[in-house]
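# Working through the structure, step by step
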Amino acid sequence: MNQITIKRFPALSYAAREAINTLCTNLSFSGENVHRVMVTSCHASEGKSFVSMNIMRTMARLGKTVALVDADLRRSMITSQYELEFENNDEAWGLSHWLAGMAEEEQIIYPTNISGAYIIPVGREVSNPLPLLVSPRFDSLLANLAQQVDYVIVDAPPLGVVIDAAEISKSCDGTLIVVNHNSVRRQELLSVKEQLEQAGSPILGTVLNMVPFDNYLGRKYYYKSYYYYDQHDGVPGNHKADRK
């Protein structure tokens, strides 16, 4: 089986590791029927892929088997930002190839250099992926994955930008919303919440991102906040994991 090597995965600080551990623990207490978790946001660049990738890595380190599905078919960031290297570049199949009927399931599921962690890359980006995402092939893929691994993490497009994530959520057991501090309006977040509710997707919680560092220092440890150094723009911030 072809393998993907994740060549760029920045180390987290102690506080960041503890907060991601807390987030993963909270997910494990979401219920025995929660195995397929979608991660989305209101806008682009709010850190949803960062959260998805770190959930995958942490769950794997805790002894779980995890498959991350890159379902941002319009504008994926994972392959480039984390420098995914395919063992055989001639066979770089992904989700879009499967949905289009161009590849078999075993061709798009890649073990990684993290034990217990698997990735389904985006494949080829698609300008109008909605017809592919609403096909029975997408739902059957997630259902089959949920039978093979403990958790399926689906990195979806921002729901405040395109409708794709609402359709993706119908094939998942619940959703995490990543929210950038002081950059998302209340009405925008309510709109995302309403779209998920209309799609029938339970909201498992939110991850508050890019909170100013001074605010982090003033918080007590039991608020489950954490600091990390953003790899994209170098702005210090912290995340808060809240369960509904």
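Now for a quick tour of the structure. Please read all numbers here as calculations on a predicted model, not as lab measurements.

What follows covers the overall build of the protein chain. For the protein chain, the count of helices and strands is 10 helices and 11 strands. Considering the protein chain as a whole, with its 244 residues, one finds that 52% of them fall into the buried category. Residue pairs at least 24 apart in sequence account for 80% of intrachain contacts in the protein chain once pairs closer than 6 positions are excluded. Surface summary for the protein chain: the accessible area is close to 11,500 Å², and the carbon and sulfur share equals 47%.

Turning our attention to the pattern of salt bridges. Here the structure, examined in full by the defined rule, presents 7 salt bridges. Across the salt bridge formed by Lys 7 and Glu 85, the nearest N and O atoms sit 3.4 Å from each other. Within this pair, whereas Lys 7 is found in the loop between strand 1 (4–6) and helix 1 (14–28), its partner Glu 85 is found in strand 4 (residues 84–86), the two being separated by 78 residues in sequence. Between Lys 48 and Asp 155 there is a salt bridge; the shortest N-O distance is 3.1 Å. One end of the pair, Lys 48, is in helix 2 (residues 48–61); the other, Asp 155, is in strand 7 (residues 151–155), and 107 residues separate them in sequence. Residues Lys 48 and Asp 155 agree in their burial class; the two are buried. Each of Lys 48, Asp 72 and Asp 155 takes part in salt bridges that share partners, so that together they form one network.

Here we take up the side chain of Ser 169. Looking at where Ser 169 falls in the secondary structure, it is placed in helix 8 (residues 164–169). Reaching out from Ser 169, the side chain makes a polar contact with the backbone oxygen of Ala 166 at a distance of 2.7 Å. Here Ser 169 is in contact with Met 38, Thr 175, Leu 196, Ala 199 and Ser 201, once residues within four sequence places are set aside.

This part takes up the pairing of strand 9 (residues 203–209). The two faces of a sheet get side chains in turn, since along a regular strand they alternate between them. When you tally the buried positions in strand 9, you get 6 out of 7 residues, the bulk of the element. As judged from the 6 bridges shared by strand 8 (residues 174–180) and strand 9, these two strands associate in the parallel manner. Paired with Leu 176 across the bridge in strand 9 is Gly 205. As a crossover connection, the stretch from strand 8 through helix 9 (residues 186–199) into strand 9 is right-handed.

About the criteria used
- Residues numbered from 1 in each chain as written.
- Predicted model: local features only at pLDDT ≥ 70, side-chain atom pairs only at ≥ 80, totals over all residues.
- Heavy atoms only, no water.
- Helix = DSSP H or I, 4+ residues; strand = E, 2+ residues; numbered from the N terminus.
- Buried < 20%, exposed > 50% of the residue type's maximum accessible area, 1.4 Å probe, protein only.
- Contact = heavy atoms within 4.5 Å.
- Areas by Shrake-Rupley, 256 points an atom, 1.4 Å probe, with all protein chains shown as cover.
- Salt bridge = Lys/Arg side-chain N within 4 Å of Asp/Glu carboxyl O.
- Polar contact = N/O pair within 3.5 Å; in protein donor to acceptor, adjacent residues only side chain to side chain.
- Pairing = 2+ DSSP bridges.
- Right-handed = clockwise from strand over helix to strand, strands pointing away.

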